[in-house]
Amino acid sequence: MATMASIMDATETTTANDAAPPAMRGPTGPRRYGAAVAAMALGAALVWLGVPRLIAALETLDARAVIRDARAGHPPPPDRLAAAAADLDAAQRWVEDGETMSDRGFLLVQQARALPPGPERAAVLDRATRATEAGLAAAPAQPSAWARLAWLHVTRGDVVAAIPALRLSLLTGPVAPALMASRLELGLELLSAMDADTRNLLRRQVRLLWIVSPETVAALSRKPDTGGFVLDALNDLSEEDMAAFLRVHGPRS
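Computed from a prediction, not measured in an experiment: that's the story for all the values here.

A. Representation of the overall build of the chain within the structure. Scanning the chain from terminus to terminus reveals 13 helices and zero strands. The burial tally for the chain puts 38% of its 253 residues in the buried class. Of the accessible surface of the chain, which amounts to about 14800 Å², a share of 60% is contributed by carbon and sulfur atoms.

B. Structural context of the confidence of the model for the chain. Counting all residues, the mean pLDDT for the chain is 82, and 74% of those residues have values of 70 or more. Here residues 1–26 is a poorly scored stretch, pLDDT under 50, and it has three contacts once near neighbours within four places are set aside; other chains count. Here residues 44–49 is modelled with pLDDT under 50, and outside its nearest four sequence neighbours on either side it reaches zero contacts, counting other chains as well.

C. Region of the structure containing the environment of T226. Tracing the sequence through the fold places T226 in the loop between helix 11 (214–221) and helix 12 (227–234). For T226, a relative accessible area of 8% corresponds to the buried category. Put simply, T226 and E189 are 37 residues apart on the chain and 8.2 Å apart in space, counted from C-alpha to C-alpha.

D. Representation of the pattern of salt bridges in the model. Applying the stated criterion across every chain yields a total of seven salt bridges. Where R71 meets D103, a salt bridge forms, and the shortest distance between an N and an O atom there is 3.2 Å. Note that R71 is positioned in helix 3 (residues 61–71) and D103 in helix 5 (residues 98–113), a separation of 32 residues in sequence. We note a salt bridge from R203 to D236, for which the minimum N-O separation is 2.3 Å. Within this pair, whereas R203 is found in helix 10 (residues 196–212), its partner D236 is found in the loop between helix 12 and helix 13 (239–249), the two being separated by 33 residues in sequence. A residue is classified by how much of its surface remains accessible, and D236, at 39% relative accessible area, is partly exposed.

E. Looking closely at the nonpolar core. L202 and V206 are the most contacted members of the largest nonpolar core, which has 33 residues in total. Listed by contribution, the elements that provide at least two residues to this core are helix 7 (143–155), helix 8 (159–172), helix 9 (177–189), helix 10, helix 11, helix 12 and helix 13. Top element by residues in this core is helix 10. It accounts for seven residues. The residues contacting V206, other than those within four sequence positions of it, are L184, V217, F229, V230, A233 and L234. By size, the runner-up hydrophobic cluster in this structure holds 19 residues, among which are A84, F106, L115 and L152.

F. Molecular detail of the environment of Q205. Looking at the secondary structure, you find Q205 in helix 10. Between the C-alpha atoms of Q205 and G187, which are 18 residues apart in sequence, the distance is 9.6 Å.

G. Up close: helix 10. In this model, helix 10 (17 residues) spans 25 Å end to end at C-alpha, consistent with the 24 Å of a helix rising 1.5 Å per residue. Inspection of helix 10 places T198, L201, L202, R203, Q205, V206, R207, L208, L209, W210 and I211 among the buried residues, and these make up the whole buried set. Where helix 10 is buried, its residues contact helix 8, helix 9, helix 11, helix 12 and helix 13. Put simply, D195 is the residue that caps the front of helix 10, since its side-chain oxygen is 3.2 Å from the backbone nitrogen of D197.

H. Region of the structure containing the packing of aromatic side chains. A complete count under the given rule lists one aromatic pair for this structure. When the ring of W210 is compared with that of F245, the centres are 4.4 Å apart and the planes differ by 20°; the resulting orientation is stacked. Of this pair, W210 sits in helix 10 while F245 sits in helix 13; the two residues are 35 residues apart in sequence, bridging distant segments of the chain. Taking NZ or CZ as reference, R113 lies 4.6 Å from the ring centre of W151, over its face.

I. Focus on the side chain of D103. Classification of D103 as buried rests on a relative accessible area of 11%. When neighbours within four sequence positions are excluded, D103 is seen to be in contact with R64, I67, R71, L88 and R148.

J. Expanded view of the packing of helix 4 (residues 78–92) against helix 5. One way to put it is that helix 4 packs onto helix 5 with a least axis distance of 9 Å and a crossing angle of 160°. Viewed along their axes, helix 4 and helix 5 adopt a mutual orientation that is roughly antiparallel. The interaxial crossing formed by helix 4 with helix 5 has left-handed handedness. In contact with P78, L81, A82, A84, A85, L88, D89 and Q92 of helix 4, helix 5 contributes T100, M101, D103, R104, L107, L108, Q110 and Q111. The residue makeup of the contact of helix 4 with helix 5, split by class, is nine nonpolar, four polar and three charged.

Rules used throughout
- For every chain, the first residue of the written sequence is number 1, and numbering continues from 1 onward in sequence order.
- Local features are withheld for residues below a pLDDT of 70 in this predicted model, meaning they are given only at 70 or higher, and side-chain atom pairs are given and counted only at 80 or more; totals for whole chains, interfaces and linings count all residues.
- Side-chain measures were taken over the full set of non-hydrogen atoms in the model, leaving aside hydrogen atoms and water.
- A run of H or I in DSSP becomes a helix once it reaches four residues, and a run of E becomes a strand once it reaches two; helices and strands are each numbered from the N terminus.
- Partly exposed residues are those whose accessible area sits between 20% and 50% of the maximum for their type, while under 20% is buried and over 50% is exposed, using a 1.4 Å probe and protein chains only.
- To measure how exposed things are, a 1.4 Å probe is used in the Shrake-Rupley method; for residues, cover is taken only from the protein chains shown.
- pLDDT is defined as a per-residue confidence score from the predictor, taking values between 0 and 100.
- Contacts were defined at the residue level, with two residues in contact if any of their heavy atoms lie within 4.5 Å.
- By convention in these notes, a salt bridge is any Lys or Arg side-chain nitrogen within 4 Å of a carboxyl oxygen on Asp or Glu.
- For the purposes of this section, nonpolar cores are sets of buried Ala, Val, Leu, Ile, Met, Phe, Trp, Tyr and Cys residues that join through side-chain atoms within 4.5 Å.
- An expected span of 1.5 Å times one less than the residue number is assigned to each helix.
- Here a polar contact means two N or O atoms within 3.5 Å. Within protein one must be a hydrogen donor candidate and the other an acceptor candidate, and residues neighboring in sequence count only if both atoms are side-chain atoms.
- Centre distance within 6.5 Å is the pairing criterion for rings of Phe, Tyr and Trp, where only the six-membered ring of Trp is used; planes under 30 degrees apart are then read as stacked, over 60 as edge-to-face, and the remainder as tilted.
- Charges are assigned to positions over rings by a cutoff of 6 Å between ring centre and Lys NZ or Arg CZ, combined with an angular limit of 35 degrees from the ring normal.
- Axis lines are fitted through C-alpha atoms, for helices just across the contact stretch, and the angle between N-to-C directions can take any value from 0 to 180 degrees.
- To sort the angles, those under 35 degrees are grouped as roughly parallel, those over 145 as roughly antiparallel, those from 65 to 115 as roughly perpendicular, and the leftovers as oblique.
- Rotating anticlockwise by less than a right angle from the far helix to the near helix defines a left-handed crossing, while the corresponding clockwise rotation defines a right-handed one.
- Throughout, the ten residues Ala, Val, Leu, Ile, Met, Phe, Trp, Tyr, Cys and Pro are labelled nonpolar, Asp, Glu, Lys and Arg are labelled charged, and all others, Gly among them, are labelled polar.

So, in structure tokens, the structure goes:
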């Protein structure tokens, strides 16, 4: 009887498994194979998509070191600047990146500054302008690149084009400590050509820079041609500005 009961139990289990809907059964051999092939294909696709980024990153390794040195006030020699700019250009053939394009513009500006005035320098500045514009078209939120584009327009005598570029720099990054002093000086040079809205943005920049570096603003306020604008902007300091100053510098005796 026990043997018969065991056989009946086994039969019921087998029958239940056979009656189970397909969704409850384990995957069959061909289905397991298909899933494995799909997983392998997906993995290969992910690796393939990552290869261009890896190559682009390797192309820019030396260029990144050159950029760091230049921004730290230690510009490398012109031949290394040119090589770094070429590396960034090569990286763009693998992966297009707006910030990398803009960085190439930065390197070309450094290269141009090392050249004497003349056709060669002008040609390098033209390339720097095109690279910076391409980078901003792909990635507009770059206050340093907008400020550089404004400066490039000024060097080419196009003050009208420089104003909107400076405006966008002020809008995309009003507080950028490494940029604010040079950007304000450029803005003060363009003051006479500015519209009212951009002048108001520049007045705000005076107040923000005062919070970060009051000594810099004090020096600018002593300039005979633009000092009056700086002092007038400081007259608009608010309680919030004062509180921000104290947070940065603490109370002064």
